[in-house]
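Analysis of the macromolecular model
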Amino acid sequence: MVRGAAKAASQERNAKKQAAMKKSGTQLGCGEKALSLDCSICKTRMPTLQNLKDHFVSKHPTAPLPDGLEEGLRAQAEKRAQDQKLKDKKAPPQAT
């Protein structure tokens, strides 16, 4: 029984580690939250507008695109461009 105290300490650390992992949960729920858009035809869930557009083009080529999809993609592109401009303004010039 030389390792009796070490064994008990190890079991205690492992129990704390397991409790922390149990409390934090899994990443499966996070993935479900990310899928926020639904295909109106087949009810497949998509994470982004671009994925939804690509899905419609490939899986439902004869169906019209949903209302607002193109406008939403344009708005996202404009916001991305504005964010990039702000980021470029904040970044110091690189010395060459």
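Everything here concerns the structure above.
Here's a quick rundown of the structure. (Residues numbered from 1 in each chain as written. Predicted model: local features only at pLDDT ≥ 70, side-chain atom pairs only at ≥ 80, totals over all residues. Heavy atoms only, no water.)

1. Regarding the overall build of the protein chain
We count it as follows: Runs of E in the DSSP output that reach at least two residues are strands. Runs of H or I that reach at least four are helices, and both are numbered from the N terminus. For the exposure calls, accessible area comes from a 1.4 Å probe over protein chains only, and a residue counts as buried if that area is under 20% of its type's maximum, exposed if over 50%, partly exposed in between. We call two residues in contact whenever any of their non-hydrogen atoms come within 4.5 Å of each other. Computed with the Shrake-Rupley method and a 1.4 Å probe, the accessible areas treat only the protein chains shown as cover for residues.
Of the regular secondary structure elements, the protein chain holds 4 helices and 2 strands. Walking the protein chain from its N terminus toward its C terminus, one meets helices and strands in the order α-α-β-β-α-α. Evaluated residue by residue, the protein chain yields a buried proportion of 10% over its 96 residues. Of the contacts made within the protein chain by residues no fewer than 6 positions apart, 5% connect residues no fewer than 24 positions apart. When the accessible surface of the protein chain is summed, it comes to about 8500 Å², and 57% of that surface belongs to carbon and sulfur atoms.

2. Some remarks on the side chain of His 60
Residue position: His 60 is located in the loop between helix H3 (49-59) and helix H4 (69-90). The class for His 60 is buried, based on a relative accessible area of 13%. Leaving out residues up to four positions away in the same chain, His 60 has contacts with Cys 39, Ile 41, Cys 42 and His 55.

3. As for the pattern of salt bridges
Going by this rule: One side-chain nitrogen of Lys or Arg within 4 Å of one carboxyl oxygen of Asp or Glu is enough to make a salt bridge.
Throughout the structure, instances matching the rule amount to 4 salt bridges. We note a salt bridge from Lys 79 to Asp 83, for which the minimum N-O separation is 3.2 Å. Taken as a pair, Lys 79 and Asp 83 lie in helix H4 at a separation of 4 residues, close to a single helical turn.

4. Remarks on the nonpolar core
Quick note on the threshold: By nonpolar core we mean a set of buried residues, namely Ala, Val, Leu, Ile, Met, Phe, Trp, Tyr and Cys, connected to one another through side-chain atoms within 4.5 Å.
The biggest cluster of nonpolar side chains holds 7 residues, and these are Cys 39, Met 46, Leu 49, Leu 52, Phe 56, Leu 69 and Leu 73. Taken together, the elements giving at least two residues each to this core come down to H3 and H4. Among the elements that take part in this core, H3 stands out by supplying 3 residues, more than any other. With sequence-adjacent residues up to four places away left out, Met 46 is seen in contact with Ala 34, Leu 35, Ser 36, Leu 37, Asn 51, Leu 52 and His 55.

5. Some points on the packing of H3 against H4
What counts here: In this description, a line fitted to the C-alpha atoms serves as the axis of each element, helices being fitted only across the stretch in contact, and the angle between N-to-C directions of two axes falls anywhere from 0 to 180 degrees. Between 65 and 115 degrees an angle is taken as roughly perpendicular, under 35 as roughly parallel, over 145 as roughly antiparallel, and anywhere else as oblique. Crossings are classed by handedness, with left-handed meaning an anticlockwise turn of the near helix from the far one by less than a right angle and right-handed meaning a clockwise turn. Amino acids outside the nonpolar list (Ala, Val, Leu, Ile, Met, Phe, Trp, Tyr, Cys, Pro) and the charged list (Asp, Glu, Lys, Arg) are all regarded as polar, and Gly is one of them.
One can describe the packing of H3 onto H4 by two numbers: an axis separation of 10 Å at closest approach and a directional angle of 140°. If you check the angle between H3 and H4, you find them oblique. Here H3 and H4 pass one another in a crossing that is left-handed. Residues Leu 49, Gln 50, Leu 52 and Lys 53 of H3 form the contact with H4, whose participating residues are Leu 69, Glu 70, Gly 72, Leu 73 and Gln 76. Residues of the contact of H3 with H4, tallied by class, amount to 4 nonpolar, 3 polar and 2 charged.

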